[in-house]
Amino acid sequence: MVTATSTYSTADWQLGYRSLTCEQEYWIPEIEGRIPTGLRGTLFRNGPGKLEIGSQRYGHPFDGDGMVCAITFVNGKVHFRNRFVRTCEFEAEEKAGRVLYRGVFGTQKPGGWWANFLDLRFKNPANTNVIYQGDKLLALWEASAPYRLNPATLATEGVETFAGALSPGQPFTAHPRRDPKTGDLMAFGVRAALNSQLFFYRLDAQGRLTERRNYTLPGFAFLHDFAWTPNYRIFFQNPMAFNPLPFVLGWQPAGTCLTLKQREPTRVWLFPNSGEPMQLATEPGFVFHFVNGYEVGEQLIVDAVLYEEYPALEPDADYLQIDFTQVPAGKLWRFYLDPKAGSVKRERLLDRSVEFPAVHPAHMGGCHRYIYMGATHAPGPNAPLQAILKLDTATGRTQQYSFAPRGFVGEPVFVPYPDSAAEEEGWIVTVVFDAASRCSQVVILEAQDLAAGPVARIPLRHHIPYGLHGSFTPQVWVE
Ligand code: CO
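None of the values given here were measured: they were computed from a predicted structure. (Residues numbered from 1 in each chain as written. Predicted model: local features only at pLDDT ≥ 70, side-chain atom pairs only at ≥ 80, totals over all residues. Heavy atoms only, no water.)

### Details of the overall build of the protein chain
And then number 1: Check the secondary structure of the protein chain and you find 4 helices and 35 strands.
And then number 2: For a compact globule of 479 residues, the expected C-alpha radius of gyration is about 23 Å, and the protein chain comes in at 21 Å, within 12% of that figure.
And then number 3: Over its C-alpha atoms, taken along the principal directions, the protein chain stretches across nearly 60 × 55 × 55 Å.
And then number 4: With 479 residues in all, the protein chain has 58% of them scored as buried.
And then number 5: For the protein chain, the share of sequence-separated contacts (at least 6 apart) that also reach a separation of at least 24 residues comes to 59%. (Helix = DSSP H or I, 4+ residues; strand = E, 2+ residues; numbered from the N terminus. Rg over C-alpha atoms; globule rule 2.2 N^0.38 Å. Buried < 20%, exposed > 50% of the residue type's maximum accessible area, 1.4 Å probe, protein only. Contact = heavy atoms within 4.5 Å.)

Shown next as structure tokens:
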């Protein structure tokens, strides 16, 4: 039931978290609207496709097995394909028909604490992002090395070590950022511990690892994303406390052992391209995703989705029974960093629960005016993402298109018009779960006029479980 105070029904929302076990490929026979002329390429998406093994449901969807979808736009037609990422752990568990590994976020092996006692191995679900660089399609999960897939068939080819530069278990972020001038992909990895190891990587346009640097960060560092500018890499080290005992002793999954230290500042790290890192401080809070960062003279502006309270995971909670109004909401904030003065100022840009922010990729690391993101249907209490929202940071004006009450949106991906860097010249492509048909749709909106609604809705034969991240490449592998 949709009540007067909510824009959705929980039962509808829950339908988007069913596994999709079958792998398929087909041309989509009927499209509502028209595929824009000029939209040609492949949208790759990643997310948990399978949410249980045998009769055991994973404790958290982020532990679900990575399933990559390729949605190809070519000659006004659309082709769909999906495949699971066959990591070593996925293959072993498929064979055994039961959970063999602990998941980072909420999954324990069956058998109680004794079965999990001192077992610190995790499964790499390869479920967080997928990106095409050089001729490599990489499925990413931040605590381990990427898995390489065949971009045409999505078949898993193996762990990508970049000619031996990475060890197979080496952490590699799910959020690399591409320098629009060189095409290089900037990435990092973090091995969190009492003192944390931070690794910087750069992949060139051919997908070769051309740079690797190491740093030690004092304290526990949970870094999901970063901001990149031509002269800096910027990290927010949120004041997280990790109590390893319940995890090591097998009582709780690792993700439930994290808390935010409300009295300690967030450390803002600025790593210049050469020279020593600088450390600034701001109020406590948690950032999963940065929008973008850019330099203004000697200062930096960084936009991010900030959680003033950490959305903690309860060890025995059922994620399908989540009460959204009780979960901390991510809001859009702007941070002004002044390395010379050693100061950070911040302001909230928008009083709305949002996630999955995006900008025109040609503006990565440079000034952006417009931000596109998933948002709740309306301001007010936290709720699932049902709308695509655009903010003009120059005027503060917003525009949105909402799929409420029965639609639930995923990450918006900005696809520029061919050869255009103008900031509003592009399409927003997203996957929407439609509870009425119990299926997902690929939806295309004009970035210039979101409120006009979709220019095309592409209904799939099935649903795609709520996904995480993805990316677009103008290349196509089906004709
Ligand atoms: Co992310």
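So much for the structure itself; the text now carries on.
### Section: the pattern of salt bridges
And then number 1: Inspection of every chain in the model, using the stated rule, returns 27 salt bridges.
And then number 2: One salt bridge connects Arg202 with Asp184, and the closest N-O pair in it is separated by 3.0 Å. Taken together, the residues Arg202 in strand E14 (residues 196-203) and Asp184 in the loop between strand E12 (177-178) and strand E13 (185-191) connect sequence positions 18 residues apart.
And then number 3: Taking the relative accessible area as the measure of exposure, Arg202 reaches 23% and is therefore partly exposed. (Salt bridge = Lys/Arg side-chain N within 4 Å of Asp/Glu carboxyl O.)

### Concerning the coordination of the cobalt ion
And then number 1: Of the protein atoms, only His175 (NE2), His224 (NE2), His289 (NE2) and His469 (NE2) coordinate the cobalt ion, at distances of 2.0 to 2.1 Å.
And then number 2: Note that the cobalt ion binds 4 donor atoms; their angles at the metal cover 91 to 162 degrees, and the shape is irregular.
And then number 3: Site description for the cobalt ion: donor spacing in sequence, H-x48-H-x64-H-x179-H. Separated by 49 residues along the polypeptide, His175 in the loop between strand E11 (156-159) and E12 and His224 in the loop between strand E15 (209-217) and strand E16 (227-228) bring together distant segments of the chain.
And then number 4: With relative accessibility at 12%, the residue His224 sits in the buried group. (Donors = N, O, S within 2.8 Å, 3.2 Å for Na, K, Ca; no water. Tetrahedral: all angles 85-135°; square planar, octahedral: opposite > 155°, others 65-115°.)

### Quick look at the nonpolar core
And then number 1: Counting 35 residues, the largest nonpolar core has Leu198, Phe235 and Leu332 as its most contacted members.
And then number 2: With residues near it in sequence (within four places) discarded, Phe235 still touches Phe188, Leu198, Phe200, Leu223, Asp225, Phe226, Arg267, Val268, Trp269 and Phe271. (Core = buried A, V, L, I, M, F, W, Y, C linked by side-chain atoms within 4.5 Å.)

### Focus: the environment of Asp323
And then number 1: As for its position among the elements, Asp323 is in the loop between strand E23 (299-307) and strand E24 (330-338).
And then number 2: In sequence terms Asp323 and Asn382 are 59 residues apart; their C-alpha atoms lie 9.1 Å from each other.
And then number 3: Within polar-contact distance, the side chain of Asp323 engages the side chain of Thr325 at 2.6 Å. (Polar contact = N/O pair within 3.5 Å; in protein donor to acceptor, adjacent residues only side chain to side chain.)

### Describing the packing of aromatic side chains
Centre-to-centre distance and the angle between the planes together describe a pair of aromatic rings.
And then number 1: With the rule as written, the count across this model stands at 33 aromatic pairs.
And then number 2: With centroids separated by 5.9 Å and ring planes inclined at 25 degrees, the aromatic side chains of Phe162 and Phe172 adopt a geometry described as stacked. Taken together, the residues Phe162 in the loop between E11 and E12 and Phe172 in the loop between E11 and E12 connect sequence positions 10 residues apart.
And then number 3: Using a relative accessible area of 1% as the deciding quantity, one classes Phe172 as buried.
And then number 4: Note on Phe236 and Phe335: the rings are 5.0 Å apart at their centroids and 90 degrees apart in plane angle, and the pair reads as edge-to-face. (Phe/Tyr/Trp six-rings, centres within 6.5 Å; stacked < 30°, edge-to-face > 60°.)

### Points about helix H2 (residues 88-96)
And then number 1: Turning to H2, its buried residues are Glu89, Phe90 and Glu93. Here the buried residues of H2 occupy an arc of 100 degrees about the axis, which is enough to place them on one side. Opposite the packed face of H2, turned more than 90 degrees from it, sit the exposed residues Cys88 and Lys95.
And then number 2: Close packing links the buried residues of H2 with strand E3 (41-50), strand E4 (52-53), strand E6 (65-74), strand E7 (77-84) and strand E10 (147-149). (Arc of directions from axis to C-beta.)

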